[in-house]
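# Summary of the model geometry
Listed here are the chains, written in short residue letters.
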Amino acid sequence: MHKIAVMPGDGTGPEVTAEAVKVLKAAASKFNFKVELTGFDFGGERYKRTGETLPDSAIEELRKFDAILLGAIGHPDVAPGILEKGILLKARFALDQYINLRPVKLFPGVETPLKDKKPEDIDFVVVRENSGDLYTGTGGITMKGTPHEVAVQSSVYSRFQVDRCLRYAFNYARKYGKKSRGLGKKNTLALSGKTNVLTYVYDLWERAFHEMGDKEFPDIAREYYHVDATTMWFVKNPEWFDIIVTGNMFGDIITDLGAMIQGGMGIAAGGNLNPEGVSMFEPIGGSAPKYTGQGVINPLAAICAAKMMLSTLGEEKAADAIEKAVMYVTSKKIKSLAAGRMGYSTSQVGDLVAEKVAE
Ligand code: IPM
Ligand code: MN
């Protein structure tokens, strides 16, 4: 029995989450496991009503679940930052979800803006550190509003944070890496950093990367790319990449580029993982207010988030079946991933995936 907290959130979040839940239930009955779903209404509407984002009591409540499935956070009537910080970042930090796992995979039939690139060329995973860096809020503003105003916001990393993220990434490369990416027979982990300028923080990352690699993961080949060059190669030679590990801020930026080359926000999913605790899975696209309630938004990203959740919960067969079903839908059924141009409604796309999973 897997106890799942479902937080549909704002905008199109509830519509796509309903389809992810539909597919989850189909997978549970096909692969003989049970899910117990509990809904939570945190989001913009509740904030407007009560002034509450994600209170400490909710965090304690969420700790009791095996995983959290999130729809989308973001409301047009709420100032930017309040819900992002109060709900999404609060959950990530309070539940110590220190890994943000973002697969970048071009599914068959999906259009990529990269000319001449095919599904076999775009298939990698970014392991984004999710607890430190510029996101810690270390810094402040002094002399605010005067001509001498100073703002500081620091990239902060402890060796502990870097090591636990690297260890996750190395183990991930060992388990899921695809061999022979030009480096002989070894699976490869690439570090993306900025050792030429951020000579404190990425010096720490680089040293920790090689020390751990030498000591604990001699079976994994190591590569290093500066982050700016990483974006260049994502566009020109995405086939070079397999598993990439990076800090929180760089990971945020490069995974938006990753989402675009895999076909856009209609398909991109991510997991906020605490491998020792409660993890949270989300489509990374946001709440898309202008499409809310029309039944035209693409639910595949939310369905892929549910797939990642099942894989983390150890239901690998069900996760594989969902991914295959999504591939069937992208290659044989829908015309486009774009909202309103799929050729099907949101719930029809959910039906197509669920029916394929049940087959
Ligand atoms: C993401 C988002 C968040 C982030 C925002 C909404 C706080 O961009 O999940 O990538 O910066 O991490
Ligand atoms: Mn982002």
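These notes cover the structure that comes with them. (Residues numbered from 1 in each chain as written. Chains lettered and ligands numbered in written order. Predicted model: local features only at pLDDT ≥ 70, side-chain atom pairs only at ≥ 80, totals over all residues. Heavy atoms only, no water.)

### Thoughts on the overall build of the chain
Here is the rule: Secondary structure counts use DSSP, requiring at least four H or I residues in a row for a helix and at least two E residues in a row for a strand, with both numbered from the N terminus. Burial classification: accessible surface area is computed with a 1.4 Å probe over protein chains only, and a residue below 20% of its type maximum counts as buried, one above 50% as exposed, and the rest as partly exposed. We call two residues in contact whenever any of their non-hydrogen atoms come within 4.5 Å of each other. Here the open area of atoms and residues is found with the Shrake-Rupley method and a 1.4 Å probe, where only the protein chains shown may cover a residue. As used throughout, the charge tally considers Lys and Arg to be positive and Asp and Glu to be negative, leaving His and the chain termini uncounted. A single reference atom marks each charge: NZ on Lys, CZ on Arg, CG on Asp, CD on Glu.
Secondary structure assignment for the chain yields 11 helices and 12 strands. Counting only C-alpha atoms, the chain reaches 55 × 50 × 40 Å along its principal axes. Residues counted as buried form 52% of the 359 residues belonging to the chain. Counting contacts in the chain only where the partners sit at least 6 residues apart, residues at least 24 apart contribute 75% of the total. Accessible area for the chain stands at about 15800 Å²; split by element, carbon and sulfur atoms hold 54% of it. On the chain, the mean spot of the 44 positive side-chain charges and the mean spot of the 44 negative ones are 4 Å from each other.

### Topic: the layout of surface pockets
Here is the rule we go by: Within this scheme a cavity is a closed region of a 1 Å grid, computed over the protein atoms alone, that accommodates a 1.4 Å probe without allowing it to escape, whereas a pocket is open but has protein on both sides within 12 Å along at least five of seven lines; lining residues each have an atom within 4 Å of a point. Grid points are joined across faces, edges and corners, and a volume is the space filled by probe spheres set on the points. Residue polarity follows a fixed list, in which Ala, Val, Leu, Ile, Met, Phe, Trp, Tyr, Cys and Pro are nonpolar, Asp, Glu, Lys and Arg are charged, and the others, Gly among them, are polar.
A volume near 930 Å³ is recorded for the largest pocket. Taken together, 38 residues make up the lining of the largest pocket; nearest its centre are Leu101, Tyr172, Tyr176, Lys307 and Ser311. Those elements that place two or more of their residues in the lining of the largest pocket are strand 4 (99-105), strand 5 (123-129), helix 5 (159-176), strand 11 (269-273), strand 12 (279-283), helix 9 (300-312) and helix 10 (316-333). Looking at which element gives the most residues to the lining of the largest pocket, the answer is helix 5, with six residues. Taken together, the residues that form the lining of the largest pocket break down as 19 nonpolar, seven polar and 12 charged.

### Focus: the site of ligand 1
Selection rule: Residues are classed as near a molecule or strand on a simple rule: at least one heavy atom within 4 Å of it. Distance and chemistry together define a polar contact, namely a pair of N or O atoms within 3.5 Å, with one atom able to donate a hydrogen and the other to accept it when in protein, and with adjacent residues in sequence counting only for side-chain atoms on both sides. The split into domains, and so the bounds of each, comes from an automatic or database assignment of domains.
Neighbouring ligand 1 are Glu84, Leu88, Arg92, Arg102, Arg128, Tyr135 and Asp252. One nitrogen or oxygen atom from the side chain of Tyr135 is found 2.5 Å from an oxygen atom belonging to ligand 1. For the shell around ligand 1, the element with the highest residue contribution is helix 4 (residues 82-94), accounting for three residues. Considered class by class, the residues forming the shell around ligand 1 number two nonpolar, no polar and five charged. Residue assignment places the shell around ligand 1 across two domains, with domain 1 (1-107 + 268-359) and domain 2 (112-262) each supplying three or more.

### Re the pattern of salt bridges
It is possible for side chains bearing opposite charge to pair when their charged atoms get close. To keep it simple, the criterion reads: Salt bridge, as used here, is a side-chain nitrogen of Lys or Arg placed within 4 Å of a carboxyl oxygen of Asp or Glu.
A complete count under the given rule lists 26 salt bridges for this structure. Of the charged contacts, one joins Glu323 and Lys105 as a salt bridge, the two residues approaching to 2.8 Å between their closest N and O atoms. Here Lys105 lies in strand 4 and Glu323 lies in helix 10, a separation of 218 residues in the sequence. Glu323 sits in the buried class, given a relative accessible area of 18%. Sharing partners across several salt bridges, the network here consists of Asp41, Arg46, Arg49 and Glu52.

### Section: unusual backbone geometry
In this structure, Asp116 takes a positive phi of about 65° despite not being glycine. A residue is classified by how much of its surface remains accessible, and Asp116, at 59% relative accessible area, is exposed. The phi dihedral of Met143 falls on the positive side, at around 55°, and the residue is not glycine. Judged by its relative accessible area of 45%, Met143 is partly exposed.

### Overview of the packing of aromatic side chains
To be explicit about the condition: Whether two aromatic rings pair depends on their centres lying within 6.5 Å, for rings of Phe, Tyr and Trp, where Trp uses its six-membered ring; planes under 30 degrees apart make the pair stacked, over 60 edge-to-face, and the rest tilted. Two limits define a charge over a ring: the Lys NZ or Arg CZ must be within 6 Å of the ring centre, and within 35 degrees of the ring normal.
With the rule as written, the count across this model stands at 14 aromatic pairs. A centroid spacing of 6.1 Å and a plane angle of 25° characterise the contact between Tyr202 and Trp205, whose relative ring orientation is stacked. Placement of the pair is Tyr202 and Trp205 together in helix 6 (residues 201-216), with a separation of three residues, close to one helical turn. Classification of Trp205 by relative accessible area gives buried; the value is 0%. Judged by centre distance (4.6 Å) and plane angle (45°), the rings of Trp233 and Trp240 are tilted. Relative accessible area serves as the criterion here: at 22%, Trp233 is assigned to the partly exposed category. By relative accessible area, Trp240 is classed as partly exposed at 37%. Through a chain of ring-to-ring contacts, the aromatic side chains of Phe124, Tyr225, Phe234 and Phe241 assemble into a single cluster. Cation over ring: Lys3 sits above Phe65, and NZ or CZ is 5.9 Å from the ring centre.

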